[in-house]
Amino acid sequence: MNAFDLARSAGPLLWVLLALSIYVVYLAAARAQALARLGRDASALIERARAVTAESGPAAALAEVDRATDLQASPAAHVLRAGLLRADRGPDASLAAMNATLLAEDARLYAGLSALGTAAQVAPLLGLLGTVIGMVRSFLVFSSTAAPTPAQLATGISEALINTAGGLIVAILAYVARNALRARADRIAVQAERVREELPSWLSRPLAVGSNFRSASDAMPEVALSFDAVPASTVRG
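Now for a look at the structure at hand. Starting from 1, residues in each chain are numbered consecutively following that chain's sequence as written. Totals for whole chains, interfaces and linings use every residue, but because this is a predicted model, local features are given only for residues with pLDDT of at least 70 and side-chain atom pairs only at 80 or more, for both listing and counting. Water and hydrogen atoms play no part in the side-chain values, which are based on all heavy atoms of the structure.

## A short note on the pattern of salt bridges
Okay, step 1: A pairing counts as a salt bridge when a side-chain nitrogen of Lys or Arg comes within 4 Å of a carboxyl oxygen of Asp or Glu. Applying the stated rule across the entire model yields eight salt bridges.
Okay, step 2: Note that Arg48 and Glu64 form a salt bridge whose closest N and O atoms lie 3.0 Å from each other. A residue pair is termed long-range when its members are at least 10 positions apart, and Arg48 in helix 3 (residues 43–56) and Glu64 in helix 4 (residues 58–67) qualify at 16 residues.
Okay, step 3: Here's how the labels work: a residue is buried when its accessible area is under 20% of the maximum for its type, exposed when over 50%, partly exposed in between, all with a 1.4 Å probe on protein chains only. Here Arg48 falls in the partly exposed class, since its relative accessible area comes to 37%.
Okay, step 4: Assessed through its relative accessible area of 16%, Glu64 is described here as buried.
Okay, step 5: A salt bridge links Glu105 to Arg108, with the shortest nitrogen-to-oxygen separation between them at 2.6 Å. With Glu105 and Arg108 both in helix 6 (residues 91–109) and three residues apart, this pair spans about one turn of that helix.
Okay, step 6: Note on Glu105: relative accessible area 6%, which makes it buried.
Okay, step 7: Under the relative-accessibility criterion, Arg108 is labelled partly exposed at 31%.
Okay, step 8: Connected through shared salt-bridge partners, Glu47, Arg50, Arg194 and Glu198 make up one network. Secondary structure follows DSSP: runs of H or I at least 4 residues long count as helices, runs of E at least 2 residues long count as strands, and numbering of each begins at the N terminus.

The structure is reproduced here in structure tokens:
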């Protein structure tokens, strides 16, 4: 008996499990590709933005973030840009913008994981349903035949076992893929949360004194004082 004969003897529920397995593999591959694009390390960009903020202010740091075209898809870069855009309104406004952006980035990072979790829960139930249907068919053989042959019983038993195995295989694939993708998404989200926690402290620090600032003596205006001699005739008079 080949694989096609096994699939045919397992009944229609096995085809549902096969379709579910294809969906699980496709979704896991698509999410892995998306997380690989979103998960580029932005640590160097964060450090550059911190240094530029301390030296030249948030506007210069924002320009530095905009120049990093290779990290435009990174959630950390999006959160950093949102905070710097609202930096002129104070740390509270900047933190609120970063919180809103972080929620949107979490939705991107964890998209599809709930579907994989649902597949991991539904697949064993579908296999169990196929098992029950196969056992019912076996008992129907007993009710219709006084002395059923092994070949007559094999149809229902094979349907039960194949569906059980298929449901467990799909559930294991979905569960492993979900956990692996969630761990990857958690690592990416930690970097974005680091930006949210650190940026308000950057904005609260005073700017470093650069060479273009004049000293206090240079800033004082020069006042020319002249004392003209008073005419002697004015004093006598």
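## Re a nonpolar patch on the surface
Okay, step 1: Grouping into patches uses exposed residues only, defined as over 30% relative accessible area, and leaves out salt-bridged ones; the cut-off is 9 Å for like charges and 5 Å for nonpolar side chains (Val, Leu, Ile, Met, Phe, Trp, Tyr). Using the Shrake-Rupley algorithm and a 1.4 Å probe, accessible areas are obtained, with residue cover drawn only from the displayed protein chains. Side chains of Leu125, Leu128, Val132, Val136 and Leu140 sit close together on the surface and give an oily, nonpolar patch of about 470 Å² of accessible area.
Okay, step 2: In this fold, Leu128 is placed in helix 7 (residues 113–144).

## Some details on the nonpolar core
Okay, step 1: Leu20, Val24, Leu35, Leu109, Leu116 and Ala123 are the most contacted members of the largest nonpolar core, which has 25 residues in total.
Okay, step 2: Mapped onto this core, the elements with two or more residues apiece are helix 2 (12–38), helix 7 and helix 8 (150–204).
Okay, step 3: By definition in these notes, contact holds between two residues if any of their heavy atoms fall within 4.5 Å. Contact partners of Leu35, with chain neighbours within four places excluded, come to Leu109, Leu181, Arg184, Ala185 and Ile188.
Okay, step 4: Remark: nonpolar core denotes a set of buried residues (Ala, Val, Leu, Ile, Met, Phe, Trp, Tyr, Cys) joined through side-chain atoms within 4.5 Å. Leu45, Ala61, Met98 and Leu102 belong to the second largest nonpolar core, which has 21 residues in total.

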